[in-house]
Number of protein chains: 2
Amino acid sequence: MGSLNDLVIDFRSGQPIYLQIVEQIRQKVASGELKPGDQLPTVRQLAAELRVNFNTVARAYRLLDEAGLISTQHGRGTYIWETPSPETLQTIRQQGLESLTRRYLAQAAQLGCTAEEVAKVINPMLERWRESGELPKPEPQEF
Amino acid sequence: MGSLNDLVIDFRSGQPIYLQIVEQIRQKVASGELKPGDQLPTVRQLAAELRVNFNTVARAYRLLDEAGLISTQHGRGTYIWETPSPETLQTIRQQGLESLTRRYLAQAAQLGCTAEEVAKVINPMLERWRESGELPKPEPQEF
DNA sequence: TGTATTTTTGTATCTTTGTATCATTGTATC
DNA sequence: GATACAATGATACAAAGATACAAAAATACA
């Protein structure tokens, strides 16, 4: 498990607990004490160590996740974010948006979709993205 | 065994793993890449490939089974059951397209692209596809 | 062949993990 | 004091994993 045995919470400092957790994990990542792929303690483990509600730890983890520092995975655990290897980063940069787009259209075509169908699906999403800055989240589907 | 060597799981997407499996198998059936009678990998094989618990694969298979797309047989294996009716095929295509599109936009966003940039790239390609029926060849991609 | 045993396959159940929602508490502001 | 809001806690839930099991197939052996 992640080496977070030395986290210290000051309950009287006036600074929220979840921010104290966030700050200290950030420092450990910055200093290299925590490396990509390292697993952090579960929200319940860390909460028990710190004598704190696990939702408070979950809140800290959520912030760090949104900041891209860690990756929390439902049912699996929480990990320091794995930076893509330099090669794949380079590949992505080189291939870029056009390549990504070609592949997307090819996959859509293989599904048997027409250009019209693709346009009808992607245009609203693009519009929404442009206006709200939000990407559509996958909705749960049922059968 | 079934050709599921190219299934890709994104552990950070927020979409449950079992749904990612379901979605990609549905797409392969809809596109004809998987045909009735084809045997799928066993739950343990696929789980090992994807680095996932086999119960997660079993859950995906169960959903597909309940949807009538595959037939899982205790002690024997799992097989594609039938090509869905045209209506369900259409539904699958639609959902698959939406799923593909979300992934595409997410990847574009990760590249740092804006909605405008994406539109500027994809619209000409769509236009050309609509008019000439041709779409640019994607170069092979791995990751 | 026929049968026993082992292996391979999917299933059932429970535990562990993170998430969502609401309730409680403290604090600031009026 | 009253109200609003932020921080924390309580509870219920969902996703994923661990373990033990059952059914079918494969194998060994007489």
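A quick note: this is a predicted structure, and the numbers were derived from the prediction, not measured.

Time to look at the overall build of chain A. The number of helices and strands found in chain A is five helices and three strands. Residues classed as buried in chain A amount to 35% of the 143 residues present. Long-range contacts, defined here as pairs at least 24 residues apart, represent 53% of the contacts in chain A between residues at least 6 apart. As displayed, chain A has an accessible area near 8400 Å², and 49% of this comes from carbon and sulfur atoms.

This part is about the environment of glutamate 131 of chain B. All names here are of chain B. With respect to the helices and strands, glutamate 131 occurs in helix H5 (residues 115–132). A residue is classified by how much of its surface remains accessible, and glutamate 131, at 63% relative accessible area, is exposed. Once the C-alpha coordinates of glutamate 131 and leucine 89 are considered, the two residues, 42 residues apart in sequence, prove to be 25 Å apart.

What follows concerns the sheet that holds strand S1 (residues 39–40) of chain A. Residue and element names in this part refer to chain A. Within the open sheet, the three strands sit side by side as S1-S3-S2. Their pairing is antiparallel. Both edges of this open sheet fall to S1 and strand S2 (70–73), since each of them pairs with a single strand only. Looking at chain direction, S2 and strand S3 (residues 77–80) are connected through four bridges and run antiparallel. Looking at S3, one finds that threonine 72 is bridged to threonine 78. Relative to S2, helix H3 (residues 54–66) is tilted by about 125 degrees, and along the sheet it contacts S1, S2 and S3.

Bringing the protein's contact with DNA strand C into the picture now. In the neighbourhood of DNA strand C, 22 residues make up the surrounding shell, with Val43, Arg44 and Asn55 of chain A together with Arg44 and Asn55 of chain B lying closest. Atoms of DNA strand C within 4 Å of the protein: sugar and phosphate make up 52%, bases the balance. Between a base nitrogen of DNA strand C and a side-chain N or O atom of histidine 74 of chain B, the distance comes to 3.1 Å. Elements with a contribution of two residues or more to the surface near DNA strand C: helix H2 (43–50), H3, S2 and S3 of chain A together with helix H2 (43–50), helix H3 (54–66), strand S2 (70–73) and strand S3 (77–80) of chain B. Grouping the constituent residues of the surface near DNA strand C by class yields four nonpolar, 16 polar and two charged.

Before going further, it helps to spend a moment on the protein's contact with DNA strand D. Neighbouring residues of DNA strand D: 24 residues in total, closest Ile17 of chain A together with Ile17, Asn53, Asn55 and Arg76 of chain B. Take the atoms of DNA strand D that sit within 4 Å of the protein: sugar and phosphate atoms are 68% of them. Taking tyrosine 18 of chain B, its side chain carries an N or O atom lying 3.2 Å from a phosphate oxygen of DNA strand D. Interatomic distance of 2.7 Å between a side-chain N/O atom of histidine 74 of chain B and a base nitrogen of DNA strand D. Those elements that place two or more of their residues in the surface near DNA strand D are helix H1 (17–30) and H3 of chain A together with helix H1 (17–30) and H3 of chain B. Each residue belonging to the surface near DNA strand D can be placed in one class, and the counts come to ten nonpolar, ten polar and four charged.

Another aspect to go through is unusual backbone geometry. Residues and elements named next belong to chain A. Although it is not a glycine, arginine 51 adopts a positive phi angle of roughly 55 degrees. You can see arginine 51 is positioned in the loop between H2 and H3. Note on arginine 51: relative accessible area 73%, which makes it exposed.

Bringing the interface of chain B and chain A into the picture now. Reports often express the size of an interface as the amount of accessible area lost when the parts come together. Taken residue by residue, the interface counts 56 residues in chain B and 46 residues in chain A. Both sides of the chain B and chain A interface together cover about 5100 Å² of buried area, and 69% of this is carbon and sulfur. Where chain B packs against chain A, one counts two salt bridges. Linking glutamate 116 of chain A and arginine 130 of chain B is a salt bridge whose minimum nitrogen-to-oxygen distance equals 3.9 Å. Of all the elements in the fold, those that place two or more residues in the side of chain B that touches chain A are H1, helix H4 (86–110) and H5 of chain B. It is H4 of chain B that contributes the most residues to the side of chain B that touches chain A, 17 residues altogether.

Residues and elements named next belong to chain B. Ordered by their spatial adjacency, three strands build an open sheet running S1-S3-S2, and the pairing between neighbours is antiparallel. Each edge of the sheet is formed by a strand with only one pairing partner; in this case those strands are strand S1 (39–40) and S2. Lying over the sheet, H3 contacts S1, S2 and S3, oriented at roughly 125 degrees with respect to S2.

Reading guide: rules and limits
Residues numbered from 1 in each chain as written. Chains lettered and ligands numbered in written order. Predicted model: local features only at pLDDT ≥ 70, side-chain atom pairs only at ≥ 80, totals over all residues. Heavy atoms only, no water. Helix = DSSP H or I, 4+ residues; strand = E, 2+ residues; numbered from the N terminus. Buried < 20%, exposed > 50% of the residue type's maximum accessible area, 1.4 Å probe, protein only. Contact = heavy atoms within 4.5 Å. Areas by Shrake-Rupley, 256 points an atom, 1.4 Å probe, with all protein chains shown as cover. Pairing = 2+ DSSP bridges. Axes fitted to C-alpha atoms, helices over the stretch in contact; angles between N-to-C directions. Near = heavy atom within 4 Å. Polar contact = N/O pair within 3.5 Å; in protein donor to acceptor, adjacent residues only side chain to side chain. Nonpolar A, V, L, I, M, F, W, Y, C, P; charged D, E, K, R; others polar. Buried area = accessible area lost by both parts, 1.4 Å probe. Salt bridge = Lys/Arg side-chain N within 4 Å of Asp/Glu carboxyl O.

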